[in-house]
Amino acid sequence: MNNPDAGPESTAPPSRRARVLAVTSGKGGVGKTVVSANLAAALAQRGERVLVLDADLGLANLDVVLNLYPRTTLHDVFTGKAMLDDAIVPAPGGFSVLLAGSGMVEYSRLTPELRTRLRDTIDALSPRFDVILLDTGAGISDVVLFSVSLADEVLLVVTPEPTSMTDAYATIKVLSTQQRREVIRLVVNQTGRLGEARAIRGQLQRVVDHYVNAAAVQPLKLELVGEIPTDAAVRDAVQRRQLLLEVYPGSTAAKAVNALAARLAP
Ligand SMILES: Nc1ncnc2c1ncn2[C@@H]1O[C@H](COP(=O)(O)OP(=O)(O)OP(=O)(O)O)[C@@H](O)[C@H]1O
Ligand SMILES: [Mg+2]
């Protein structure tokens, strides 16, 4: 398709847009932020221009995991105190972040203004990156569902715990009925034995087929894209406020994140 004689500027059309991936979960604390940050680093290592947006507006914690405390945050952009460019900061793993910052409690309610601001922010970022990861909050609140609706693809993080699975199912059901999603990509985190993720995908898919797909116009398919074992290296990296991929690149969890990035790569 590309003309080999054409200059470099003609090979990248200005209309190119980032792939926007929402990293979400039913239950809180299952590993969204750890997965987002390390997946971003793994994708960056593969040559992608990646930005992680802390879309967990009220309870942001990407800053803690990355040990970044920028002076300018999304909050300043939303309140008109700063330009978007000033809030984009480089993270240790070779990617960019846009942190929510403190004082975002007022954004726990989905107002028309918040919708516009979130959408405009992603639109403005989109031509400048290959991948945008939205590290969302947990659950099915309006704000979470709206940020997920802005994404092209959904990565649902689930752990083998029964409560995590039932909450994942609630999210899947809403994303099928409200957003007409046909594919949700599953990352099973904190597994205890190899193959556990396949079993979990199977269990969830069976429930979805029975209760959601039977009545749906478009059946929803769960696609397993990652299995990350429980690994003490993850907790240790978080304690040190560093990326797992940087402090323990040879750990089983880091290898699993690299495999996830390879699976998601274009
Ligand atoms: N594979 C793993 N092995 C061991 N511990 C893990 C693993 N994944 C996550 N954890 C632990 O779980 C904690 C919570 O992870 P994280 O903050 O990424 O969850 P979250 O889904 O973003 O939470 P929240 O819903 O509050 O935003 C981490 O600090 C880490 O200690
Ligand atoms: Mg989080």
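Computed from a prediction, not measured in an experiment: that's the story for all the values here.

1. Section: the layout of surface pockets
Empty space among the atoms becomes apparent when a probe as large as a water molecule is rolled across them.
Next up, step 1: When its volume is computed, the largest pocket comes out at roughly 500 Å³.
Next up, step 2: Forming the boundary of the largest pocket are 29 residues, of which Gly29, Val30, Gly31, Lys32 and Val34 lie nearest the centre.
Next up, step 3: Broken down by element, the lining of the largest pocket gets its largest block of residues, 5 residues, from helix H2 (residues 32-45).
Next up, step 4: Of the residues belonging to the lining of the largest pocket, the class tally is 13 nonpolar, 11 polar and 5 charged.

2. Notes on the side chain of Thr33
Next up, step 1: Relative to the helices and strands, Thr33 is located in helix H2.
Next up, step 2: When its relative accessible area of 11% is taken as the criterion, Thr33 is described as buried.
Next up, step 3: Aside from chain neighbours lying at most four places away, what touches Thr33 is Asn61, Leu62, Val65 and Asp135.

3. Observations concerning the packing of H2 against helix H12 (residues 252-264)
Next up, step 1: Across the interface, H2 lies against H12 with an axial gap of 9 Å and an inter-helix angle of 65 degrees. In the packing of H2 onto H12, the handedness of the crossing is right-handed. Along the contact surface, H2 presents Val35, Asn38, Leu39, Ala42, Leu43 and Gln45, while H12 presents Val257, Asn258, Leu260, Ala261 and Leu264.
Next up, step 2: Of the residues assigned to the contact of H2 with H12, the class counts are 8 nonpolar, 3 polar and no charged.

4. Regarding the pairing of strand E1 (residues 19-25)
Next up, step 1: The buried fraction of E1 is high, at 6 of 7 residues.
Next up, step 2: Two strands pair when backbone bridges link them, and E1 and strand E5 (residues 131-138) are joined in this way by 6 bridges, in the parallel orientation. The residue of E5 that forms the bridge with Arg19 is Val131.
Next up, step 3: Sheet analysis places E1 next to strand E6 (residues 153-158), joined by 4 bridges and oriented parallel. By the bridge assignment for E6, Leu21 is matched with Glu153.

What counts, and where the lines are drawn
Residues numbered from 1 in each chain as written. Chains lettered and ligands numbered in written order. Predicted model: local features only at pLDDT ≥ 70, side-chain atom pairs only at ≥ 80, totals over all residues. Heavy atoms only, no water. 1 Å grid on protein atoms, 1.4 Å probe; cavity = no way out; pocket = protein on both sides within 12 Å on 5 of 7 lines; lining within 4 Å. Points joined across faces, edges and corners; volume = space filled by probe spheres on them. Helix = DSSP H or I, 4+ residues; strand = E, 2+ residues; numbered from the N terminus. Nonpolar A, V, L, I, M, F, W, Y, C, P; charged D, E, K, R; others polar. Buried < 20%, exposed > 50% of the residue type's maximum accessible area, 1.4 Å probe, protein only. Contact = heavy atoms within 4.5 Å. Axes fitted to C-alpha atoms, helices over the stretch in contact; angles between N-to-C directions. Left-handed = near helix turned anticlockwise from the far one by under 90°. Pairing = 2+ DSSP bridges.

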